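If you want the building blocks of each chain, they are given just below.
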Amino acid sequence: MKDNVNKRNLEIKTLLVFLITFILAAGLTDYQNQTQEKEEKSKAAYTAESTITHIEAQLNKYLAESNLIKQIVESGRDIDTQQFATISELMQDKQHVIKAHELAPNGVISYVYPLESNEAAIGLDMLENKGRKKEANLAKETGEYTIAGPYELVQGGTGSLLFDPIYTNDTTGGKNF
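Residues numbered from 1 in each chain as written. Predicted model: local features only at pLDDT ≥ 70, side-chain atom pairs only at ≥ 80, totals over all residues. Heavy atoms only, no water.

K.L.:
Provide a residue-level description of the side chain of R132, including the pertinent values.
P.N.:
Locating R132 in the fold gives a position in the loop between β2 (111-113) and α3 (133-142). Look at R132: it is buried, it has no salt bridge, and the nearest opposite charge is E102 at 6.7 Å. In this view, R132 contacts L124, M126, Y151, E152, L153, V154, L161 and F163; residues no more than four positions away in its chain are not counted. (Helix = DSSP H or I, 4+ residues; strand = E, 2+ residues; numbered from the N terminus. Buried < 20%, exposed > 50% of the residue type's maximum accessible area, 1.4 Å probe, protein only. Lys, Arg positive; Asp, Glu negative; His and termini not counted. Salt bridge = Lys/Arg side-chain N within 4 Å of Asp/Glu carboxyl O. Contact = heavy atoms within 4.5 Å.)

Right, dumping it as C-alpha cells:
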C-alpha cells in the first residue's frame, strides 16, 4: 500500500511539475511574442513617421520653389523663357526628383525647364486636357495647390503634378489667372 501511495504521490508531483513547466513555457512564449510584436509595430511606426517627415520636407521644398515663381509672377514682373530657365535651373534638385518645371499662363503650358526632352508639353492646356482638367480646375477654383498623379506625361513617362494657381491683378482691380 505504501508503494501505491508513493507511486501516486510521484505521479501527482510529476504532473504538477509538468503543468508548472508548461504554464511557464506558454507564458514566456506569449511574452516573447508580445514583445516581438511591439518591437515590430514600433519599427513600422518609426519607418512610417520617417517617411512622412521626408515627404513633408520634400513637399515643403517644392512648394517654396513654386512660391518663388508665384511671387515673381504675382508681383507683375514679366518673365521670359530665359529668366524662367535660369530660376528653374537654380531650383533643380540634385536627385532630379522634379523632372520639369512648367509655367502655364491661362492654363496653357508656355514655359518648361529643361526644354530638352520636354518640348511636347509646350502648348498643353491643363484646364482642358482630359487627364488633368479635374485637378487643374480644382486648383484654379480654390486658389490652393493640388498634387495629383500618376499621369502619363505628354513628353513620355509617368509622373505626378503640382498645380499651384497664380493670380495677378488686372487694370480693373480684378484677378487674372
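Still more to cover.
K.L.:
Give me the lowdown on unusual backbone geometry, citing residues and values where you can.
P.N.:
The omega torsion across Y113 and P114 is -10 degrees, close enough to zero to call that bond cis. Within the secondary structure, P114 is located in the loop between β2 and α3. The omega torsion of the bond from G149 to P150 falls at 0 degrees, within 30 degrees of zero and hence cis. Mapped onto the elements of the fold, P150 is located in strand β3 (residues 146-152). One non-glycine residue, N106, lies in the positive phi region at around 55 degrees. Among the structural elements, N106 can be located in the loop between β1 (101-103) and β2. A positive phi angle, near 75 degrees, is found at S117, a position not held by glycine. Within the fold, S117 resides in the loop between β2 and α3.

K.L.:
I'd like a rundown of helix α2 (residues 81-91), residues and numbers included.
P.N.:
Residues of α2 that are buried: F84, A85, I87, S88 and M91. As for α2, its buried residues are in contact with α1 (2-74), β1 and β2. N-capping of α2 is provided by D80, with a side-chain oxygen placed 3.1 Å from the backbone N of Q82. (Polar contact = N/O pair within 3.5 Å; in protein donor to acceptor, adjacent residues only side chain to side chain.)

K.L.:
Got a sec to walk through the confidence of the model for the chain? Specific residues and values, please.
P.N.:
Overall, the prediction assigns the chain a mean pLDDT of 88, with 98% of residues at 70 or greater. Of all helices and strands in the chain, the one with the weakest mean pLDDT is strand β6 (residues 175-176) (80), whereas α3 scores best (93). (pLDDT = per-residue confidence, 0-100.)

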